[in-house]
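# Descriptive structure summary
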Amino acid sequence: MSGGRRVAVVAGGLSNFGVRSATWSELVQEAGHSAFGAIRNFSPQDVDSLFVGAAQPERLAFQSHVAPMAAELLGFEPSKIIQRTELACASGQSAIRSAYAAISAGLSDVAAVLGVEKMNLPSMAEANTSMADVLDRSWDGVHGATAPPFFAMCAQRHMLEYGTTAEQMAMVSEKNHRFANSNPTAQFYSKTFSREKLLKLPMVAPPLRLGDCSSMTDGAAGLLLVSEELARKYTDTPVWVRGTGQHSHFHNLSGAGSLSSWPGLRAAAQEAFRSARMEPKDIDLAEVHDCFTISEILEYEEIGFCPKGKGGQFVADGRSDLGGEVVVNPRGGLLGCGHPLGATGVAQAVEVLQQLQATVPAARAVKGAERALVHNLSGSANVHSLMIYAREN
Amino acid sequence: MSTPSEANTATTTPGPAASGSTTRPSSEAQSADRPPRRTDPVPNPLPYLLDFYPQEDPKFTRIAPFFVALRKGSFTTTRCDEDGSLHWPPRVACPKCRGEKLSWVELPKRGTVYAFSAVLGGAPLGMEEDVPFVVGLIDLQGAELRLFSRIAHTKHEDCRIGMEVELETFDLPDGRVFFRFRPSAPR
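Residues numbered from 1 in each chain as written. Chains lettered and ligands numbered in written order. Predicted model: local features only at pLDDT ≥ 70, side-chain atom pairs only at ≥ 80, totals over all residues.

Let us look at the overall build of chain B. A count of helical and extended segments in chain B gives 1 helix and 7 strands. Sorting the 187 residues of chain B into buried and exposed places 35% on the buried side. Partitioning the contacts of chain B with sequence separation of at least 6, the portion at a separation of at least 24 is 51%. (Helix = DSSP H or I, 4+ residues; strand = E, 2+ residues; numbered from the N terminus. Buried ≥ 20, exposed ≤ 12 C-beta atoms within 10 Å, placed from the backbone. Contact = placed C-beta atoms within 7 Å.)

Residues and elements named next belong to chain A. For chain A, the assigned domains are domain 1 (7–122 + 217–239) and domain 2 (144–214 + 242–390). A separation of 23 Å is found between the C-alpha centroids of domain 1 and domain 2. Taken together, the 37 residues of domain 1 in the interface contact 32 residues of domain 2. Taken together, the elements giving at least two residues each to the side of domain 1 that touches domain 2 come down to β1 (7–14), α4 (91–104), β4 (110–117) and β7 (219–227). The biggest single contributor to the side of domain 1 that touches domain 2 is α4, with 8 residues. Of the residues belonging to the side of domain 1 that touches domain 2, the class tally is 19 nonpolar, 15 polar and 3 charged. (Domains from an automatic or database assignment. Nonpolar A, V, L, I, M, F, W, Y, C, P; charged D, E, K, R; others polar.)

Counting residues in hydrophobic clusters, the biggest one holds 165 residues, and the most contacted among them are Val113(A), Leu223(A), Leu225(A) and Tyr389(A). With 9 residues, the single largest contributor to this core is helix α14 (residues 341–356) of chain A. (Core = buried A, V, L, I, M, F, W, Y, C linked by C-beta atoms within 7 Å.)

Further remarks concern the interface of chain B and chain A. Taken together, the contacts link 30 residues of chain B with 30 residues of chain A. Of all elements in the fold, only β3 (110–119), β4 (133–140) and β5 (146–151) of chain B reach the threshold of two or more residues within the side of chain B that touches chain A. Tallied by class, the residues present in the side of chain B that touches chain A amount to 20 nonpolar, 5 polar and 5 charged.

We now examine the confidence of the model for chain A. Do not read the predicted coordinates in detail wherever pLDDT is low. Taken residue by residue, chain A gives an average pLDDT of 97. The fraction at 70 or more is 99%. The least confident element of chain A, judged by mean pLDDT, is helix α5 (residues 124–132) of chain A at 88; the most confident is strand β2 (residues 49–53) of chain A at 99. (pLDDT = per-residue confidence, 0-100.)

What follows is about the packing of helix α7 (residues 166–180) of chain A against helix α11 (residues 293–303) of chain A. Residues and elements named next belong to chain A. Interaxial distance between α7 and α11 falls to 8 Å at its minimum, and their mutual angle equals 95°. Compared by their axis directions, α7 and α11 come out roughly perpendicular. Here Gln168, Met169, Val172 and Ser173 of α7 lie close against α11, whose contacting residues are Thr293, Ile294, Glu296 and Ile297. Grouping the amino acids of the contact of α7 with α11 by side-chain chemistry returns 4 nonpolar, 3 polar and 1 charged. (Axes fitted to C-alpha atoms, helices over the stretch in contact; angles between N-to-C directions. Parallel < 35°, antiparallel > 145°, perpendicular 65-115°, else oblique.)

Attention shifts here to the sheet that holds β2(A). Residue and element names in this part refer to chain A. Across the sheet, which stays open at both edges, the 10 strands sit in the order β3-β2-β4-β7-β1-β8-β12-β11-β9-β10 with mixed pairing between neighbours. Of all the strands in the sheet, just β3 (81–85) and β10 (327–328) have a single pairing partner and so form its edges. Here 5 bridges tie β2 to β4, and the two strands are oriented parallel to one another. Residue pairing in the sheet places Val52 in a bridge with Leu114 of β4. Across the sheet, helix α1 (residues 24–36) lies against β1, β4 and β7, angled at about 45° from β7, the strand it touches most. In the packing of α4 onto the sheet, the strands contacted are β1, β2, β3, β4, β7, β8 (239–248), β11 (371–378) and β12 (383–390), and the crossing angle to β2 comes to about 160°. (Pairing = 2+ DSSP bridges.)

Next up on the list: α11(A). All names here are of chain A. Here α11 lies mainly inside the structure; 11 of its 11 residues are buried. Among all positions of α11, only Thr293, Ile294, Ser295, Glu296, Ile297, Leu298, Glu299, Tyr300, Glu301, Glu302 and Ile303 are buried. Considering only its buried residues, α11 is in contact with α6 (147–162), α7, α10 (263–276), α12 (311–316), β10 and β11. Positioned one or two residues after α11, Gly304 has a phi angle of 110°, which is positive.

A few words now on the confidence of the model for chain B. All names here are of chain B. With 74% of its residues at a pLDDT of 70 or more, chain B has an overall mean of 81. In the predicted structure, residues 1–32 sits below a pLDDT of 50 and forms 68 contacts with residues beyond four places in sequence or in another chain. Contacts of residues 38–44 to residues separated by more than four positions or lying in other chains number 8 contacts, the stretch itself having pLDDT below 50. Across the interface, the model reports ipTM at 0.96; the global pTM reads 0.91.

On to α10(A). Taking 1.5 Å per residue, 14 residues should reach 20 Å; α10(A) reaches 20 Å between its end C-alpha atoms and fits that length. On its buried face, α10(A) sits against β8, α11 and β12 of chain A. (Expected span 1.5 Å × (residues − 1).)

Moving on, we come to the pairing of strand β6 (residues 164–171) of chain B. For a regular strand, the rule is simple: side chains alternate between the two faces of the sheet. Residues and elements named next belong to chain B. Of all the 8 residues making up β6, 6 are buried; the element is thus mostly covered by neighbouring parts of the structure. As judged from the 3 bridges shared by β3 and β6, these two strands associate in the antiparallel manner. Across the sheet, the residue bridging to Gly111 is Val165, located in β6. As defined by bridge partners, β6 adjoins strand β7 (residues 177–183) across 7 bridges and the pair is classed as antiparallel. Bridge pairing in β7 places Val165 opposite Pro183.

All names here are of chain B. Each assigned domain of chain B is listed here: domain 1 (55–107) and domain 2 (108–187). If you average the C-alpha positions of domain 1 and of domain 2, the two centres end up 21 Å apart. Contacts between the two partners involve 9 residues from domain 1 and, on the opposite side, 12 residues from domain 2. Taken together, the residues that form the side of domain 1 that touches domain 2 break down as 6 nonpolar, 1 polar and 2 charged.

All names here are of chain A. Interhelical geometry of α6 versus α11 gives an angle of 55° and a closest axis separation of 9 Å. Relative to α11, the element α6 lies oblique. Once α6 is placed against α11, the crossing between them reads as left-handed. Counted together, Phe151, Cys154, Ala155 and His158 of α6 and Ile294, Ser295, Ile297 and Leu298 of α11 form the full contact between these two elements. (Left-handed = near helix turned anticlockwise from the far one by under 90°.)

Residue and element names in this part refer to chain B. Topologically, Tyr114 is positioned in strand β3. A sequence separation of 34 residues divides Tyr114 from Phe148, and the C-alpha atoms of the two residues are 9.8 Å apart. The contacts of Tyr114, once residues within four sequence positions are left out, are Leu137, Ile138, Asp139, Arg146 and Ile161.

The peptide bond linking Pro206(A) to Pro207(A) adopts the cis configuration, its omega dihedral lying at 5°. Structurally, the position occupied by Pro207(A) is in the loop between β5 (203–205) and β6 (208–209). In this model, Trp88(B) is joined to Pro89(B) through a cis peptide bond whose omega is -5°. On the secondary structure map, Pro89(B) appears in the loop between β1 (76–80) and β2 (102–106). Not every positive phi belongs to a glycine, and Asn41(A) is a case in point at roughly 60°. Inspection of the secondary structure assignment puts Asn41(A) in the loop between α1 and β2. Since 10 C-beta atoms lie within 10 Å of it, Asn41(A) is described here as exposed.

Okay, structure coming up:
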């Protein structure tokens with residue numbers, strides 16, 4: 001960590017994720033109740049800053065200026081900083097990073113974070129169009145590309161160059177769905193997906209099948225970050241932000257490079273580990289951005305959990321499962337929980353908080369977990385954002 | 001739904017209208033070699049380039065020459081006079097050296113496929129009738145440029161990495177022109 005004040009995460013909570021019979025505002029209130037409704041010694045007036053991660057409310061909820069709307073819904077009257085953060089699929093983590101930066105710099109003492117997205121409309125084409133607009137719309141999106149064909153091309157090149165198989169990709173989905181099966185807030189809670197079943201689901205963007213892709217999901221999540229001196233006012237078991245890294249290296253797909261390597265993630269991870277004074281082997285659990293199965297495989301490699309090109313073998317050998325050297329996506333991942341863009345990064349942090357506080361159900365608990373990493377990619381994996389948390393300050 | 005683009009594989013530039021155009025109004029006189037279009041207004045015309053208003057002319061953009069050239073069958077971009085870097089898409093200042101002295105240069109119209117996939121469902125607005133369609137990253141032959149494009153007039157099963165493709169332009173029902181690639185005709 002660099003020079004500023006230390007920052008603690010003291011509380012978090014979620015709405016249920018899924019195809020929800022609830023509006024954007026209603027999801028905010030559900031997550032707010034869960035996150036901020038039962039914190040020791042907490043009053044909404046304590047919140048001096050609010051950061052709202054929301055990717056596409058203009059198109060998907062027909063609403064802008066959403067941060068003050070969320071403040072009103074949650075009973076906050078921020079007097080230091082109130083803003084929305086937008087970084088597509090990483091909008092939620094972007095809100096957390098902003099809260100962390102504000103507290104670290106001394107501009108805020110108590111910062112609430114809310115991530116939210118309402119994606120399911122009567123017309124699915126609206127959300128598909130909005131996803132195409134995440135790319136360079138005028139030159140890439142206009143050819144009809146949304147996320148699946150881009151990540152399909154990454155899978156095609158990774159399979160060609162490193163021998164990764166469809167079965168290894170299905171193993172990522174099988175593992176994450178097994179975790180989601182015991183997570184009541186997950187879109188695919190209590191659903192079972194065997195590898196055999198996953199490999200028979202229809203193709204969405206070859207070689208990616210339906211089970212290789214995360215879903216269009218409605219959901220919200222909240223988190224409370226505070227300065228070091230206030231941490232134990234709100235909880236006996238704070239979790240500490242220990243490091244962070246981010247890298248952006250292209251936008252138009254002409255700059256995407258080989259597709260089978262993500263050097264931007266390698267750079268962002270190195271910065272996160274450097275700032276946390278840790279190495280990949282120090283991490284007990286990782287919530288990484290499995291928007292597609294191939295993403296998680298590339299992330300093992302670029303974050304440094306396994307050598308380049310060995311990500312498929314890493315999951316096949318069970319090394320990212322319970323009992324392995326790093327448990328990846330015990331929450332259920334984006335594949336199992338769904339992917340409400342603005343909410344995802346916050347929901348991952350809530351999982352890390354609960355894992356490090358040892359309050360998750362046994363079926364997905366990482367016993368004795370001390371240190372955790374959270375990763376989000378956004379867009380065409382052109383931006384990577386990471387945070388490292390630990391029980392120890 | 002019918003896919004008019006599939007029926008016009010032999011048409012040369014300027015090519016056939018975008019598929020799905022049969023339900024959109026035409027704002028221009030039809031030329032003889034185009035497929036027939038409905039001209040009655042539809043209640044909710046769908047934007048094809050994911051926007052609602054054409055903004056490719058000089059009133060709205062400084063890179064309008066790209067579209068003027070494209071209409072004449074030329075595929076162009078900008079090159080920086082200062083550091084020589086080739087841009088994609090065309091720019092009004094060099095992202096590398098920030099120089100504003102740029103020249104329009106001609107790009108190759110042939111390329112090879114570096115990677116590809118297909119959209120089998122979940123297309124954006126205005127493109128639902130195109131499904132299924134192929135997209136890919138294309139290395140232009142003789143230029144240091146890889147760009148993303150639709151690959152028309154083919155099926156995913158018939159494509160392969162390294163396949164040769166060539167540029168075609170096509171007219172949009174709102175009067176605009178755009179580009180895509182298609183498998184190369186044998187030389």
